Amino acid sequence: MFFDLNVPVPSPHTTPAIQPSKKAKGKAPQQAAQPSQQGTSQLYTQAELKAIETRIDLLVHLGYTVLALTQTVHKKVDPKTHTNTLDALVSLLRPRPGILYLKRLSIILDDDSEKGFGLINAHTSLFSSYDLLSLTPTTHGTFSLACLTHTLPSPLTTHIISLPLTLPRFNFYLKHTLIRTALKNGAAFELPYVGSLGGSQDDTLLNTGYAESGPSAKRSWWAAAREVVRVTKGKGIIVTSGSVGEADLRAPRDVANLLTLLGIPQDTAIHSLTSIPKSITIRAQTRRTYRAVLSEPTAVIPEGSMELLRGVMKEAETVVQKSGDASASLSPPPGTHMTQAGVKRPREEWSSDILCVPDPGLNVHATVTTATAVTEETTRSDAAGPVQNQPRIQSQMKDDGEVEPPKKKKRKKNSKPLESSLGL
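First things first, this report covers the structure right here in the doc. (Residues numbered from 1 in each chain as written. Predicted model: local features only at pLDDT ≥ 70, side-chain atom pairs only at ≥ 80, totals over all residues. Heavy atoms only, no water.)

### Quick notes on the overall build of the protein
Turning to step 1, where the next piece is worked out: A count of helices and strands for the protein gives 14 helices and 13 strands.
Turning to step 2, where the next piece is worked out: Within the protein, the proportion of its 424 residues that are buried is 35%.
Turning to step 3, where the next piece is worked out: Within the protein, counting contacts between residues at least 6 apart in sequence, those at least 24 apart form 77% of the total.
Turning to step 4, where the next piece is worked out: Counting every atom, the protein has about 27,500 Å² of accessible surface; 56% of that belongs to carbon and sulfur. (Helix = DSSP H or I, 4+ residues; strand = E, 2+ residues; numbered from the N terminus. Buried < 20%, exposed > 50% of the residue type's maximum accessible area, 1.4 Å probe, protein only. Contact = heavy atoms within 4.5 Å. Areas by Shrake-Rupley, 256 points an atom, 1.4 Å probe, with all protein chains shown as cover.)

Below is the structure:
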């Protein structure tokens, strides 16, 4: 399955709508004022439809199965005048079995677009009819805005960033931080191969001055495309046609061989026409979901795993019961105030006694107070006499009960003079 996510569609034939004069304002009936609200009535001629059908037939013959029809807008999307012309065009196209049509909106950004070009939450319903959104930045400000802001998951996420590769030089630098952020957010950078052939591109790009054609455009494309491949390291790149004429269209394998001249491996070049555009198309569907979640996750339990889980639970219960019986058999004798591990007593029940765990072989009742350390009587349960050879804590005490500090050893002074010690 090969993808071509940039099939430019010419701007439809527009005829200005009849607007009522200012003198007759308010006197004309309400039906006559409806065309002025829409602004223009947009129609495709039969020649334009035939040219689009011929180009699609050639793309299908070359082996492409997913085609994205592209509508290009310059500077800003005005909700009062903007209309989705691709909805009407797709309904007019001849149905082809096994061919999928996508609708893509491409916005050219310049200095005037930095203040705002219509991609706000208030216009979400205006962009929801498009399957793909792409941006063509022409300045450093719009490029950073496209990479950092508009690639984040939202109802207005742009997944394709198209660069003006046919211009003599870039108006901005391709910074590694911006490129990495865009790739991390799931965006892809587009390389239209029509520039490498010097063919004709979209009329909107040519009229605005952000695309050129001819031998000079071909040289500029190869230099700029090699720079994009160097910065991205060959990752997150999709290749599209971007051609208006049939003579500039190429088969997918020919396009892959063309990309190898840029230093891209053969398998990566094939992925730029198959798997990467597929992931971009699937990811673009998350614009209609909450926080880019495709579906509610469900747990898939394999057959026979429930019986295994029940057996593990029974074994765990028996281990817990055995450990409970063992702890009950090792309970302290009456008179000791021992508590279970992990159970906290209130502050009022705290005492100065620190309890010790008794030895299972000895019947020991020992407490350590905060003032002194005293060893109490220890008796064996099977012997009546006292236990002998038990270590005891002894301290050197004076008659008045004060503890004698330990004595320091005095150093012996060398009574010999320095000359004798040196052998002089």
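### Re the pairing of strand β1 (residues 2-8)
Turning to step 1, where the next piece is worked out: With seven of seven residues buried, β1 is to be regarded as a mostly interior element.
Turning to step 2, where the next piece is worked out: As paired elements, β1 and strand β4 (residues 64-74) share five bridges and run parallel to each other. Following the sheet pairing, Val 7 is matched in β4 by Leu 69. (Pairing = 2+ DSSP bridges.)

### Let's talk about the packing of aromatic side chains
Turning to step 1, where the next piece is worked out: This model, assessed by the stated rule, comprises two aromatic pairs.
Turning to step 2, where the next piece is worked out: Taking 4.8 Å as the distance between ring centres and 20° as the angle between the ring planes, the aromatic pair formed by Phe 143 and Phe 172 counts as stacked. Of this pair, Phe 143 sits in helix α5 (residues 140-148) while Phe 172 sits in the loop between β7 (160-162) and α6 (176-184), placing them 29 residues apart in sequence. In this structure, Phe 143 and Phe 172 share a single accessibility class: buried.
Turning to step 3, where the next piece is worked out: Here Trp 221 and Trp 222 contribute two aromatic rings whose centre-to-centre distance is 5.2 Å and whose plane-to-plane angle is 85°, an arrangement assigned as edge-to-face.
Turning to step 4, where the next piece is worked out: For Trp 222, a relative accessible area of 18% puts it in the buried group. (Phe/Tyr/Trp six-rings, centres within 6.5 Å; stacked < 30°, edge-to-face > 60°.)

### Examining helix α12 (residues 275-284)
Turning to step 1, where the next piece is worked out: What α12 keeps buried is the set Ile 276, Pro 277, Ile 280, Thr 281 and Ala 284. Each buried residue of α12 lies within a common arc of 140° when the element is viewed along its axis, so the set occupies one face. (Arc of directions from axis to C-beta.)

### Observations regarding the sheet that holds strand β9 (residues 237-240)
Remark on secondary structure: sheet strands pair via backbone hydrogen bonds, oriented parallel or antiparallel.
Turning to step 1, where the next piece is worked out: Reading across from one edge, β1-β4-β5-β6-β7-β8-β9 is the order of the seven strands in this open sheet, with parallel pairing throughout. In this open sheet, the two strands that pair with only one neighbour each are β1 and β9. Strand after strand, the sheet turns through a mean of 30° between neighbouring axes, direction not considered.
Turning to step 2, where the next piece is worked out: Two elements, β7 and strand β8 (residues 188-192), share three bridges in a ladder whose sense is parallel. Across the sheet, Ile 161 pairs through a bridge with Phe 189, a residue of β8.
Turning to step 3, where the next piece is worked out: Set on the sheet, α5 makes contact with β5 (100-109), β6 (132-137), β7 and β8; between it and β6 the angle comes to about 150°. (Axes fitted to C-alpha atoms, helices over the stretch in contact; angles between N-to-C directions.)

### Some thoughts on the pattern of salt bridges
Turning to step 1, where the next piece is worked out: Under the criterion given, the structure shown has seven salt bridges.
Turning to step 2, where the next piece is worked out: One salt bridge connects Glu 53 with Arg 94, and the closest N-O pair in it is separated by 3.5 Å. In this pair, Glu 53 is assigned in helix α2 (residues 46-62) and Arg 94 in the loop between α3 (85-92) and β5, connecting sequence segments 41 residues apart.
Turning to step 3, where the next piece is worked out: By relative accessible area, Glu 53 is classed as buried at 13%. (Salt bridge = Lys/Arg side-chain N within 4 Å of Asp/Glu carboxyl O.)

### Some remarks on the nonpolar core
Turning to step 1, where the next piece is worked out: Counting 62 residues, the largest nonpolar core has Leu 89, Phe 143 and Leu 163 as its most contacted members.
Turning to step 2, where the next piece is worked out: With seven residues, helix α9 (residues 215-232) is the largest single contributor of residues to this core.
Turning to step 3, where the next piece is worked out: Other than its neighbours up to four places away in sequence, Leu 89 contacts Val 9, Tyr 44, Leu 49, Ile 52 and Leu 69.
Turning to step 4, where the next piece is worked out: Phe 3, Ile 160, Ile 276 and Ile 280 belong to the second-largest nonpolar core, a separate cluster that totals 12 residues. (Core = buried A, V, L, I, M, F, W, Y, C linked by side-chain atoms within 4.5 Å.)

### Re helix α10 (residues 252-260)
Turning to step 1, where the next piece is worked out: Of all the residues in α10, the buried ones are Pro 252, Val 255, Ala 256, Leu 258 and Leu 259. The buried residues of α10 occupy an angular sector of 155° when the element is viewed end-on, so they sit on one face.

### So, a nonpolar patch on the surface
Turning to step 1, where the next piece is worked out: A cluster of nonpolar side chains, namely Met 306, Leu 309 and Met 313, defines an oily patch on the protein surface of about 280 Å² accessible area.
Turning to step 2, where the next piece is worked out: Residue placement: Met 306 occurs in helix α13 (residues 305-329).
Turning to step 3, where the next piece is worked out: Met 306 sits in the partly exposed class, given a relative accessible area of 36%. (Patch = residues over 30% accessible without salt bridge, like charges linked within 9 Å, V, L, I, M, F, W, Y side chains within 5 Å.)

### Notes on the pairing of β9
Turning to step 1, where the next piece is worked out: Along β9, one buried face is formed by Ile 237 and Val 239 and the opposite face, lined by Ile 238 and Thr 240, is buried too.
Turning to step 2, where the next piece is worked out: Here β8 runs beside β9; their pairing, made up of four bridges, is parallel. Opposite Leu 191, over in β9, you have Val 239 as the bridge partner.

Remember, this is a structural readout, not a statement about activity or role.
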